[in-house]
Amino acid sequence: MVRITDKYLREAEPAENKIILSVRLETNLSVQIKRAKTGITRSFVFRSVLLNGKTYTEYLGSVFDLDIATARKLAEERRELLKKGVVPKDYIQEQIKKKLEQKKKDEATVQQLVDLYLAKRKNLSKNTQIHDLTIVRYIKPLLTLSMSEFIASPLIFDLVNNAVKNNLLSKAKSVAAFINQLAETAIDYKLLTDNPFTRLNRLIPAAKIKHFTSVRPEYIREDLTEIFKKLFRKHRFTRANLFFLAGMFTLLRPSEVASLKKANLDTKKHTLFVEHTKTLKEGFLLQSNSLLEQFFLYLGSLSQGVKYFSGTPAVVAGRLNSYCREHDISFTSHGWRAAGMMWLVQNGVSFQVAKAVLTHKIDDDVTLAYMRSDLPAQRQRALEAWNKFICEIFKECEPFLYAEIFEAEKEKLQQRELKS
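The paragraphs below set out a description of the structure included in this document. (Residues numbered from 1 in each chain as written. Predicted model: local features only at pLDDT ≥ 70, side-chain atom pairs only at ≥ 80, totals over all residues. Heavy atoms only, no water.)

1. As for the pattern of salt bridges
Across all of its chains, the model carries 11 salt bridges by this definition. Across the salt bridge formed by R216 and D223, the nearest N and O atoms sit 2.8 Å from each other. When its relative accessible area of 15% is taken as the criterion, D223 is described as buried. With its nearest N and O atoms 2.8 Å apart, the salt bridge here joins E256 to R253. Considered together, E256 and R253 belong to a single accessibility category, that of buried residues. Taken together, the shared-partner salt bridges in this structure form one network comprising E26, R72, E76 and R79. (Salt bridge = Lys/Arg side-chain N within 4 Å of Asp/Glu carboxyl O. Buried < 20%, exposed > 50% of the residue type's maximum accessible area, 1.4 Å probe, protein only.)

Put into structure tokens, the structure is as follows:
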């Protein structure tokens, strides 16, 4: 007589002229070994009769997943359920459902995660808080989900995809960024082990670079001369044309120019520190020169504030853009960067140095390593050459205003250098 063991069940096969070999282990429990196209299957099978007389069959699992002892326990559990008039399959599915529901109750919801994230940002600006609440409204369908549902839900990707399809790239980026920040918060609070949403950004195409109204490449001097004349048509300084000059001298982005602080100008080291730029979050050390410094010393003397320009960056830049629109001037506040880039490259400055002057990221590792040594000096020479060019046009268009800045401030700067 053959001894039925786990090893036997994993190796036994039906006779050559048979398809199925059934090995009975006990009442209601057997092992079915069956030839199939994909090979031989070996499964524990529980069979019984329900109270209504119908046959009940349930496959408990493969002999490779269960041993005989475990299969006997499962069979005994099912016999007990049948005695109570309960169908085992229905009972097991109900138990699984209850466990999932309890797990959902025990898990944090997306709403709770959002609350944790917003609590960390409660000291940020009012505009930031309004922006956060706007994104929360976008993701409202997600708020009741548990963490496991949050990870598995296709709604997140649908939200981003739909925004992209409707050409709402700003909304898509905001939602993707917010979801990623939520995931990072969940990791901080041990609610997730990793971030499953990093691929959201891949759904968003790169935004097309807009053409900012500037000057014609082949007529830089002529076009800038015309712009200078129109901006200084009343032969006096205004907040708009001073902002224009500040942008022309630094070639920074409008928001960066509007955020410049007086304390960050160092006339001894000839630097102007920009605390935050679009591409360099840790700040940017602009290599200055005497012309740029004289202008900013004059500009700083016009107000008592911490910054050179009062008001938010958007308002400061808006003044110049509004003036240009009202007086039919084909120029916008971002246009000085395009003009500066064109002039630098046309006048022998390497493309990499010109990019560095405009605080653009340089992807070449060799260039990045080189930048730590003498590239700042190259940036300084390039910006000084551009500043001399700007001053030539300014002096030609407005000799009296030019003298008000540079003749008087030149003497102050010289005296300061002598004292130091």
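Structure's up, so let's keep going.
2. Quick look at the sheet that holds strand β4 (residues 55–62)
Here 4 strands make up an open sheet; going across it, the order is β1-β2-β3-β4 and the pairing antiparallel. The open sheet has two free edges, formed respectively by β1 (20–26) and β4, since each of these has just one partner strand. Strand-to-strand twist across the sheet, computed as the mean angle between neighbouring axes with direction ignored, equals 30°. Where β1 meets strand β2 (residues 29–36), 6 bridges bridge the pair, whose relative direction is antiparallel. When the bridges of β2 are listed, V23 appears paired with V31. (Pairing = 2+ DSSP bridges. Helix = DSSP H or I, 4+ residues; strand = E, 2+ residues; numbered from the N terminus. Axes fitted to C-alpha atoms, helices over the stretch in contact; angles between N-to-C directions.)

3. Some thoughts on the packing of helix α7 (residues 155–165) against helix α8 (residues 169–188)
Taken N-terminus to C-terminus, the directions of α7 and α8 make an angle of 160°; their axes are 7 Å apart at the nearest point. Classed by the angle they form, the pair α7 and α8 counts as roughly antiparallel. Crossing of α7 against α8: the hand is left-handed. On α8, the residues touching I156, V160, A163 and V164 of α7 are L169, K171, A172, V175, A176 and I179. The residue inventory of the contact of α7 with α8, partitioned by class, reads 9 nonpolar, no polar and 1 charged. (Parallel < 35°, antiparallel > 145°, perpendicular 65-115°, else oblique. Left-handed = near helix turned anticlockwise from the far one by under 90°. Contact = heavy atoms within 4.5 Å. Nonpolar A, V, L, I, M, F, W, Y, C, P; charged D, E, K, R; others polar.)

4. A look at the environment of A75
Note on placement: A75 falls in helix α2 (residues 68–83). Here the alpha-carbon distance between A75 and L60, two residues 15 residues apart in the chain, equals 8.5 Å. With sequence-adjacent residues up to four places away left out, A75 is seen in contact with E26, L29, F46 and L60.

5. So, the pairing of strand β6 (residues 271–274)
As judged from the 2 bridges shared by strand β5 (residues 265–266) and β6, these two strands associate in the antiparallel manner. The residue of β6 that forms the bridge with D266 is T271. Two successive antiparallel strands, β5 and β6, enclose a turn made up of 4 residues, where H270 displays a positive phi of approximately 55°. Two elements, β6 and strand β7 (residues 284–287), share 4 bridges in a ladder whose sense is antiparallel. Among the inter-strand pairings, V274 is bridged to a residue of β7, identified as F284.

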